[in-house]
Amino acid sequence: MSQVTDIGSRRELFVDAALIDSLSGGARRQLQHPQAREVVLHFDEPWEGTGCGYVSVFKDGDTYRLYYKAFAIKVEPGKIVNETNDHRYTCLAESTDGVHWTKPHLGLHAFSGSKANNIAIATGKIGSITVDAAHPAIFRDTNPTAAPEARYKGVFRSDAERGAVIMKSPDGVHWSPFADHPVIKAGGFDSQNLAFWDDVHGVYRAYWRTFPQGTWSADSPRAISTATSPDLLKWSEPQPLVYPNDPREIELYTNTVAPYARAPHILLGFPAHYLERAWGASMNALPDRAHRELRSSAQTRYGTAISNTLLMASRDGVTFERWPEAFLRPGPERTGTWNYGHQYVAWQLVETPSTLAPDAPNELSFYSTENYWTGHAGGSSLRRYTLRLDGFVSINAPLSGGEITTKLITFSGDELRLNFATSVAGDIRVELLDENDKALRGFTLDECEPIFGDAVDRSVTWTGNRSLNEIAGRAVKLRFVLRDADLFAYRVVPKKKP
């Protein structure tokens, strides 16, 4: 018998091909794209400078927390002028819905003589380590053994001894060193370097910038490495990420890797694909040309570098299936876009209430920077994008039809539930096959009631209301037959009680 994967009651997505045995007819995996929504934050306070970014966001009880770097950078003809530590901060914003945000006055650090600001961490000596607060990645530690005084943690670049340093906090506001030295030293670190607790495997994982040849050069582009740790202090040997399906050597500026909350056995990353394009008619036509040329006079790439967001997925944390095409494009040309630093997606995505209607399903919110260091008054801004739950990649088929068959799986539960969307003429039917691809009596295609609509969690039914509990634990394949439909995810769960 072929290898069998036990999926239990977990949700399976199509961001990778791990459980796909075959696609036929008009069926194909189709990359989806987030939809642009409102600008949710303007970084227009004096202490926020000209270049806010490296955003971290997560749901913390009933509150959404959003941390970001506040950084000022100036350009003069032929010269880049970086501000001093007066403009190198980690700031905090909060929200009750992920859409409307406030900047609390934390009263911790003075700026221009006042502590009435939202600065959580300032660059400088904190305890025995020197922290660069303009390179933050903040997370709530879900490790059940994490001490109360270290429930929140942050990864920062060291401003003295080269490396990544870890900070801790009991409340996400007051911070102190977790260790008195950099815990990871081999790398570049001039990016958003991050770590998190992996509940599925019981380890901490870190992802940070490295260069294959040690330092940056045209022949050694920006890359990503990873390691694991039981305690955030002792780390395994770093491993470069590998992309067997997309062996191109491209530059990835950030990584934003994290477990997907609705399917935590799958790690998703939304790296910024960084690319320097040549000056020419199209470059000249992009927004903010005057400031672009000014930046380029100091260093060419500051005027010609552009970026968009890719999607990659992994089940082991090292080998990723990376989609070559853009997951999130820069979008229509407008002031503050298509420039250096534009559209670095926040680490992490969060689930938010739908703005379509009160009874519409929740959606996923992404946050992406705009107006980064463009010379416009008011500084940078942050735009929200949305995607349906689990809606990264679908199995899509036209009205003429298509099929997908999974590899052999075992499961536990009574009901097969789907996240799907069809047209009014489209539908999905499901059949269960044994290891010899023979349909199981009671669960054949003809016995399946056609499913149509647009729902994130709809039950599949067969004639006689047969329960999947009858075959739970048996190795089977799922055969989905689609017409003018998209299938985003599936899972087998215990039947809901009336």
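Before reading further, recall that the structure is shown in the block above.
This text gives an overview of the structure that appears in the document. (Residues numbered from 1 in each chain as written. Predicted model: local features only at pLDDT ≥ 70, side-chain atom pairs only at ≥ 80, totals over all residues. Heavy atoms only, no water.)

**Concerning the overall build of the protein chain**
And then number 1: Along its length, the protein chain carries three helices and 37 strands.
And then number 2: In terms of overall dimensions, the protein chain is globule-like: its C-alpha atoms have a radius of gyration of 24 Å, near the 23 Å expected for 498 residues.
And then number 3: The dimensions of the protein chain, computed from C-alpha atoms along their principal axes, are 75 × 55 × 50 Å.
And then number 4: Considering only contacts in the protein chain between residues 6 or more positions apart, those separated by 24 or more positions represent 66%.
And then number 5: On the protein chain, roughly 20400 Å² of surface is accessible, and the fraction owed to carbon and sulfur atoms is 50%.
And then number 6: Computed over 54 positive and 59 negative side-chain charges, the inter-centroid distance for the protein chain is 1 Å. (Helix = DSSP H or I, 4+ residues; strand = E, 2+ residues; numbered from the N terminus. Rg over C-alpha atoms; globule rule 2.2 N^0.38 Å. Contact = heavy atoms within 4.5 Å. Areas by Shrake-Rupley, 256 points an atom, 1.4 Å probe, with all protein chains shown as cover. Lys, Arg positive; Asp, Glu negative; His and termini not counted. Charge placed at Lys NZ, Arg CZ, Asp CG, Glu CD.)

**A look at the pairing of strand β15 (residues 152-158)**
And then number 1: Most of β15 is tucked away, with seven of its seven residues classed as buried.
And then number 2: Both strand β14 (residues 129-140) and β15 contribute to a ladder of six bridges, which runs antiparallel. Bridge pairing in β15 places D132 opposite R157.
And then number 3: Across six bridges, β15 lies against strand β16 (residues 164-169) in antiparallel orientation. By the bridge assignment for β16, V155 is matched with I166. (Buried < 20%, exposed > 50% of the residue type's maximum accessible area, 1.4 Å probe, protein only. Pairing = 2+ DSSP bridges.)

**Some words on the sheet that holds strand β27 (residues 312-314)**
And then number 1: Within the open sheet, the four strands sit side by side as β23-β24-β27-β28. Their pairing is antiparallel. Each edge of the open sheet carries a strand with a single partner, namely β23 (258-260) and β28 (320-322). Sheet twist, expressed as the mean angle between neighbouring strand axes with direction ignored, is 35°.
And then number 2: Of the pairings in the sheet, the one linking strand β24 (residues 263-269) to β27 comprises three bridges and is antiparallel in character. By the bridge assignment, L268 is partnered in β27 with A313. (Axes fitted to C-alpha atoms, helices over the stretch in contact; angles between N-to-C directions.)

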